[in-house]
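Here are the chains, one letter per residue:
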Amino acid sequence: MVQVERTVKVAAPIGAVAQYLADFAHTEDWDPGTISCTRTDPGPIVVGARWHNVSEFRGRKTELDYRLTRREPGKVTFVGENKTATSTDDFTLTSGPDGTTVRYRATIVFNGWAKLASPLLKREFERLGDEVVPKLRGVLDELG
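A short tour of the structure in this document, coming up.

Conventions we followed
Along every chain, residues carry numbers that run from 1 in the direction the sequence is written. In view of the model being predicted, local features appear only for residues whose pLDDT reaches at least 70, and side-chain atom pairs are presented and counted only at 80 or more, with totals across whole chains, interfaces and linings using the full set of residues. For side-chain calculations, the full set of non-hydrogen atoms in the structure is used, while hydrogens and water are omitted. Note on conventions: DSSP H or I runs of at least 4 residues are helices, E runs of at least 2 residues are strands, and numbering of each starts at the N terminus. We take the radius of gyration over the C-alpha atoms and set the globule estimate at 2.2 Å times the residue count to the 0.38 power. Three labels apply to residues, based on accessible area from a 1.4 Å probe with only protein chains included: buried if under 20% of the type maximum, exposed if over 50%, partly exposed otherwise in between. Contacts are assigned to residue pairs with any non-hydrogen atoms lying within 4.5 Å of each other. Throughout, the Shrake-Rupley method with a 1.4 Å probe supplies accessible areas, and for residues the shown protein chains are the sole cover considered. When charges are tallied, Lys and Arg are placed among the positive residues and Asp and Glu among the negative ones, while His and the ends of the chain are skipped. In plain terms, the charge of a residue is placed at NZ if it is Lys, CZ if Arg, CG if Asp and CD if Glu. To be clear, the arc concerns the directions from the helix axis to the C-beta atoms. Strands pair, by our definition, only if DSSP identifies at least two bridges between them. The definition of a polar contact used here is a pair of N or O atoms within 3.5 Å, where within protein one atom must be able to donate a hydrogen and the other to accept one, and adjacent residues in sequence count solely through side-chain atom pairs.

## A few points about the overall build of the chain
Part 1: Broken down by element type, the chain carries three helices and seven strands.
Part 2: Put simply, the chain runs from its N terminus to its C terminus through helices and strands in the order β-α-α-β-β-β-β-β-β-α.
Part 3: Computed over its C-alpha atoms, the radius of gyration of the chain comes to 15 Å, within 12% of the 15 Å expected for a compact globule of 144 residues.
Part 4: Dimensions along the principal axes, computed over C-alpha positions, put the chain at roughly 45 × 35 × 20 Å.
Part 5: Within the span of the chain, comprising 144 residues, buried residues form 40% of the whole.
Part 6: By sequence separation, contacts in the chain at least 24 residues apart represent 48% of the contacts at least 6 residues apart.
Part 7: Here the chain has roughly 7,800 Å² of accessible surface; of this, 52% comes from carbon and sulfur atoms.
Part 8: One finds the centroid of the 20 positive side-chain charges in the chain at a distance of 6 Å from the centroid of its 20 negative side-chain charges.

Put into structure tokens, the structure is as follows:
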């Protein structure tokens, strides 16, 4: 398992941040590894909504099918799966006098033989986490 956590403070109000983050298609705007992220079911964005994400990691394309598993005022969680890994993207939102604090935690659990690579990939995921911070801050600050 690999887990990466980052905290970002933004000027936007918590409601706008929660609404933006609930649409996983927006990962195209703030996740440097995402090539495309497309909604795969119709209707409102509620728990159970689904997206197909194509990312590039270490020069290889990876595809995961994500679903929204939790949507509350202070919490938005997605779980993505393919045969190699299960990825959980979890956002915890806290309202403050100057905006919103966003704690982003990505947890990747590798399946089968890929489990052996977990310790070797930790550094790469930490690097990606560092790249997420300015991009996420930038798009969320525009909401305020």
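## Examining helix H1 (residues 14-21)
Part 1: Every buried residue belonging to H1 is among Val17, Ala18, Tyr20 and Leu21, and all of these are buried. What you see down the axis of H1 is that its buried residues fit within an arc of 165°, all on one side.

## Remarks on the pairing of strand E3 (residues 50-57)
The side chains of a regular strand alternate, residue by residue, between the two faces of the sheet.
Part 1: As paired elements, strand E2 (residues 34-39) and E3 share five bridges and run antiparallel to each other. Paired with Ser36 across the two strands is Val54, which belongs to E3.
Part 2: Relative to strand E4 (residues 60-72), E3 runs antiparallel, the two being bridged by eight bridges. In the strand pairing of E4, Val54 is matched with Glu63.
Part 3: Taking the residues that link successive antiparallel strands as the turn, the E3-E4 hairpin has two residues, and the phi of Arg58 there is positive, at about 55°.

## Section: the side chain of Thr107
Part 1: Considering the arrangement of structural elements, one finds Thr107 in strand E7 (residues 99-110).
Part 2: With a relative accessible area of 13%, Thr107 lands in the buried category.
Part 3: Engagement of the side chain of Thr107 in a polar contact is seen with the side chain of Gln3, the distance being 2.9 Å.
Part 4: In contact with Thr107, other than residues within four places in its own chain, are Met1, Val2, Gln3, Thr86, Ser87 and Thr88.

Geometry only, nothing functional implied.
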